[in-house]
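Per-entry structural report
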Amino acid sequence: MPRPLVPDRRGRILDAARELILEQGWPRTTVADVAARAGIGKGAVYLELPGKDAILAATLQRSMRALTADVHRRVLAAPDLVDLPAVYRFGVEALLADPLARALYLGDEGVLGDHVRHVAASGEDRYLRRSEWLGEYVGRLQDAGVLDAAVPRETVVRVLAVFTVGLVHAPGVLGATTDDQLRAAVDLFAGLVGRGLATGRPADPAAARAAQLDLLARLDHQLADQPEEPA
């Protein structure tokens, strides 16, 4: 007689992996550990995910979706204009509120092992796939009077992308950083960009908020469609 299916087996695996990563670090965690914590057989883990690397990728992917949802809530709750400095501030606060995402962006090898160096060396092109969306977002902020329309949107996109990609890859190249150092770097960059591209004219807060929410929805959809690819 076949065994009954385990309800939400994948979710239990990812919950178990997250707990173990934060408790003892990924380098010391095995697939057998994940299976035992999830209360299922080791073979059942492989029915959902092909190996340890895939478990980590899927766990980080789910964490990044939660981070995107957190930023979405912050944008909705913001009483004022959601400009670039505000978006970056929301992002870093959401990031630091999630210990797993925090470990990735701060390069905590005690938690994730050499994964941070693999991110820096992977050459993944997911950022290129998002550049078109970012260009549309920048254009909408220009239309809303938030950003100076005299600056070509392609230039703005490249500047933002260089900073964001650098932020993700920096721990693997430069070593781990701290919460305060990350906040300071993001605040400085966002402030410089915000002031440098300010129009000095009244902006449309509703249009700016809608543009940000649409971008977040696109990012979440991409993450949902690529469950094995870490953000």
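Residues numbered from 1 in each chain as written. Predicted model: local features only at pLDDT ≥ 70, side-chain atom pairs only at ≥ 80, totals over all residues. Heavy atoms only, no water.

Time to look at the overall build of the chain. Looking only at helices and strands, one finds 12 helices and 0 strands in the chain. Going from the N terminus to the C terminus, the chain shows its helices and strands as α-α-α-α-α-α-α-α-α-α-α-α. Of all 231 residues assigned to the chain, the portion counted as buried reaches 45%. Counting only contacts in the chain whose residues sit at least 6 apart along the sequence, the fraction spanning at least 24 positions is 74%. Carbon and sulfur atoms make up 57% of the accessible area of the chain, which totals about 11,700 Å². (Helix = DSSP H or I, 4+ residues; strand = E, 2+ residues; numbered from the N terminus. Buried < 20%, exposed > 50% of the residue type's maximum accessible area, 1.4 Å probe, protein only. Contact = heavy atoms within 4.5 Å. Areas by Shrake-Rupley, 256 points an atom, 1.4 Å probe, with all protein chains shown as cover.)

Attention now moves to the nonpolar core. Among the nonpolar cores identified, the biggest contains 69 residues, and Leu 84, Tyr 88, Leu 112, Tyr 137 and Leu 160 are the most heavily contacted of them. For Tyr 137, the contacting residues outside a window of four places in its chain are Leu 84, Val 87, Ala 211, Gln 212 and Leu 215. (Core = buried A, V, L, I, M, F, W, Y, C linked by side-chain atoms within 4.5 Å.)

Bringing the side chain of Thr 199 into the picture now. Tracing the backbone through its elements, the reader meets Thr 199 in the loop between helix H11 (179-196) and helix H12 (205-225). A polar contact is formed between the side chain of Thr 199 and the backbone oxygen of Gly 145, at a distance of 3.0 Å. Among the polar contacts made by the side chain of Thr 199, one reaches the main-chain amide nitrogen of Arg 201 at a distance of 3.1 Å. (Polar contact = N/O pair within 3.5 Å; in protein donor to acceptor, adjacent residues only side chain to side chain.)

A few words on the packing of helix H4 (residues 52-77) against helix H5 (residues 84-97). One can describe the packing of H4 onto H5 by two numbers: an axis separation of 9 Å at closest approach and a directional angle of 135°. Considering the angle they form, H4 stands oblique to H5. Relative to H5, the crossing made by H4 is right-handed. Note on element contacts: H5 touches H4 through Phe 90, Gly 91, Glu 93, Ala 94 and Leu 95, opposite Leu 67, Asp 70, Val 71, Arg 74 and Val 75. Classifying every residue of the contact of H4 with H5 by side-chain character gives 6 nonpolar, 1 polar and 3 charged. (Axes fitted to C-alpha atoms, helices over the stretch in contact; angles between N-to-C directions. Parallel < 35°, antiparallel > 145°, perpendicular 65-115°, else oblique. Left-handed = near helix turned anticlockwise from the far one by under 90°. Nonpolar A, V, L, I, M, F, W, Y, C, P; charged D, E, K, R; others polar.)

Tallying each qualifying case throughout the model produces 3 aromatic pairs. When the ring of Tyr 88 is compared with that of Phe 163, the centres are 5.9 Å apart and the planes differ by 75°; the resulting orientation is edge-to-face. Placement of the pair is Tyr 88 in helix H5 and Phe 163 in helix H10 (residues 153-174), with a sequence separation of 75 residues. For Tyr 88, a relative accessible area of 16% gives the class buried. Note on Phe 163: relative accessible area 17%, which makes it buried. Taking the centre distance of 3.8 Å and the plane angle of 5° together, the rings of Phe 163 and Phe 189 count as stacked. Residue Phe 163 is found in helix H10, and its partner Phe 189 is found in helix H11; the two are separated by 26 residues along the sequence. An aromatic cluster is present here, built from Tyr 88, Phe 163 and Phe 189 joined pairwise through their rings. Above the ring of Trp 26, the side-chain terminus of Lys 52 is found at 5.1 Å from the ring centroid. (Phe/Tyr/Trp six-rings, centres within 6.5 Å; stacked < 30°, edge-to-face > 60°. Lys NZ or Arg CZ within 6 Å of the ring centre and 35° of its normal.)

Tallied over the full model, the rule gives 12 salt bridges. The partner of Arg 74 in a salt bridge is Asp 70, with the nearest N and O atoms 2.9 Å apart. In this pair, Arg 74 and Asp 70 are both assigned in helix H4, 4 residues apart and thus about one turn of the helix distant. A relative accessible area of 28% means that Arg 74 is categorised as partly exposed. Note on Asp 70: relative accessible area 15%, which makes it buried. (Salt bridge = Lys/Arg side-chain N within 4 Å of Asp/Glu carboxyl O.)

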